[in-house]
Each structure stands twice: as structure tokens, then as C-alpha cells.
Amino acid sequence: MPEGPDDGSRRRWRLVRAGTDAVPPWVRQFMRRTRIPLSRAGRVRRNRRIVARLGLATGTLLVLGALGWLIFVSPVLGVREVYVQGALILEPDQVRAAAAVPDGTPLARVDTDAVRARVAALAPAREVTVSRSWPSTLVIEVVERTPVGAVPNGKKYDLFDDHGVIYRTVSGVPSGVVRVQLATPGPQDVSTQSALAVLRSLTKRLRSELVTLVVEGPARIRLEMSGDRVVTWGDAENSDDKAKAADALLAKPDKRIDVSGVPEVVTLG
């Protein structure tokens, strides 16, 4: 203890704990808070909470796992039926065979894009939609092609649609379908595309009297009409105007009508 300056008396010192607000902030952040030990009952409650949370998490994982197994692995929600809609030319069994989906395949795992592609490879199928109908049905909807022309093939006829796709062979020309003479029909054939352009332009009267549309080449098109009348068409350019001109000229008795030079029309008696 320090001695007094003059009288020799001694001063007594007392230690006082300063409040935390007396400690500078930069020091306070390094001070550790003393934890008060939990009582036995507190530890039991804490452990029960931990166990409950672990149990809940485990139960949730088990439920999710069971659902995943049920949906993606188990045959319980597997394919039991392949339902086909819109098939008229195609037989439903043909569509099912092309779809190639084994019975019992988990419905959630069916690759609908792959099924659609396989069914769309069938020639009469123009559009295909594949969907799931829970719990166990795969639905395949088919929109088939519609014929616009029939090309002679021996004693039968090959039908083609408005894209020029040959998709079916029949024994006779269906009602409302035009008989078309083409050397190599197909969607990539220039003459076929020319024939389609002419077919789209025909008036009701031209179509009703048309016997055969002959396309010997892209610029050598003619219409063989009833009564041995012939309309020389030329190429497929300006087909709408040519159709209007030919329709008007059919009112005359001329056997030969030339609309290849439209707007200048030449008729031959």
C-alpha cells in the first residue's frame, strides 16, 4: 500500500467491478459470456426436442422415399392401359405396337416424347399427342392425314396429303379426291408441289368437272375435264387467276382452253 505524503497515514484501496458499459466496445467484443449450466430437467427437455426434430426429419425422409419408390419404381402406378384416340385408318393395336410401352412401366417414367416420335413414324399419322392419365393410363391421340390427291399405281392408287406425303394405297379414288398423274410423287418433288398449288386454286366447278390433273413437269400442267375438254395450265404461277379464267371459259363450248398465258387467255376450238 502507498504511504501518505505527510502524516504517515495509510489509505485503504477497494476493488470495484466496473459495469460492461465501462468497457470499451473494441474490448467488449472479445469478452466471453459465461454460460449458466442447465439443470437436469433442462437437459432432459433439450434432449427431447433434439430427438423430436430428428424423428420428424427421419419420418419426412422415409415418407418421401416411399412416395418416390411408389411413383418411379413400383408397378403399382404402372401402365395398365394405352388408350388410343383419333385412329381411323390406323388400327389401335398398330399404334400400341409402335408406342412400345411395356405393361407395368411406371407411368411417371414413360418418355412421352419418344413414344410420340415412334407413333409419328407411322405414315398415316400427321400429328401425335401423348399424355398421362393417372393412375395407370397412357393416352395417345392421333390426327391422321387427309388425302387431296390419288396417283395411279398399277391397278391401285397411292394417296397423298396436302404436304405431298404418300401414306396409303387404296383400290379406288375416294370421293372428293382428285386423280393426279405424277411421275415421282413426294413432298420433295417439284412437280408434286406444283400439283398441290393447282389443287388449292381450283374452283368448285373446275373440281366437279375435273377427271385428271396431269403434271408432266413443273411447267407442263394440264387439266383433263369431262366431255374430253382440256385446260392447258402451264406452270403453277398465278394459279388463282388461271382458275378464275378457266372457270369462266368453261361456259363456252370450246374443247381446248389455254390459260397458261394469263392474264392473256387463248381459247382453241
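Residues numbered from 1 in each chain as written. Predicted model: local features only at pLDDT ≥ 70, side-chain atom pairs only at ≥ 80, totals over all residues. Heavy atoms only, no water.

> Is there a simple way to explain the overall build of the protein chain in this structure?
Each helix and strand in the protein chain was counted, giving seven helices and twelve strands. Nonlocal contacts in the protein chain, meaning residues at least 24 apart in sequence, comprise 44% of its contacts between residues at least 6 apart. (Helix = DSSP H or I, 4+ residues; strand = E, 2+ residues; numbered from the N terminus. Contact = heavy atoms within 4.5 Å.)

> Help me out: how do you make sense of the sheet that holds strand β3 (residues 137–144) in this one?
Within the open sheet, the three strands sit side by side as β1-β3-β2. Their pairing is mixed. Bordering the open sheet on either side are β1 (81–85) and β2 (125–133), each of which pairs with just one other strand. Strand-to-strand, the axes of this sheet are offset by a mean angle of 20°, without reference to chain direction. With eight bridges joining them, β2 and β3 adopt antiparallel strand pairing. Within β3, the position partnered with Arg132 by the bridge is Leu138. The strands touched by helix α4 (residues 112–120) are β2 and β3; relative to β2, the strand with the most contacts, the crossing angle is about 150°. (Pairing = 2+ DSSP bridges. Axes fitted to C-alpha atoms, helices over the stretch in contact; angles between N-to-C directions.)

> Before we go on, may I ask you to explain the packing of helix α3 (residues 92–99) against α4 in this structure?
The relative placement of two packed helices is expressed as an angle between their axes plus a distance between the axes. At a minimum axis separation of 8 Å, α3 and α4 run at an interaxial angle of 130°. With respect to α4, the element α3 is oriented oblique. In terms of crossing hand, the pair formed by α3 and α4 is right-handed. Mapping the contact onto sequence places Val95, Ala98 and Ala99 in α3 and Val115, Arg118 and Val119 in α4. (Parallel < 35°, antiparallel > 145°, perpendicular 65-115°, else oblique. Left-handed = near helix turned anticlockwise from the far one by under 90°.)

> Any chance you could explain the packing of helix α5 (residues 190–201) against helix α7 (residues 239–249) here in plain terms?
At a closest axis distance of 8 Å, the pairing of α5 and α7 adopts a crossing angle of 50°. What the angle tells us is that α5 and α7 run oblique. Crossing hand, α5 versus α7: right-handed. Contacts between α5 and α7 involve Ala197, Val198 and Ser201 from the former and Ser239, Asp240 and Ala243 from the latter. For the contact of α5 with α7, the class distribution of residues is three nonpolar, two polar and one charged. (Nonpolar A, V, L, I, M, F, W, Y, C, P; charged D, E, K, R; others polar.)

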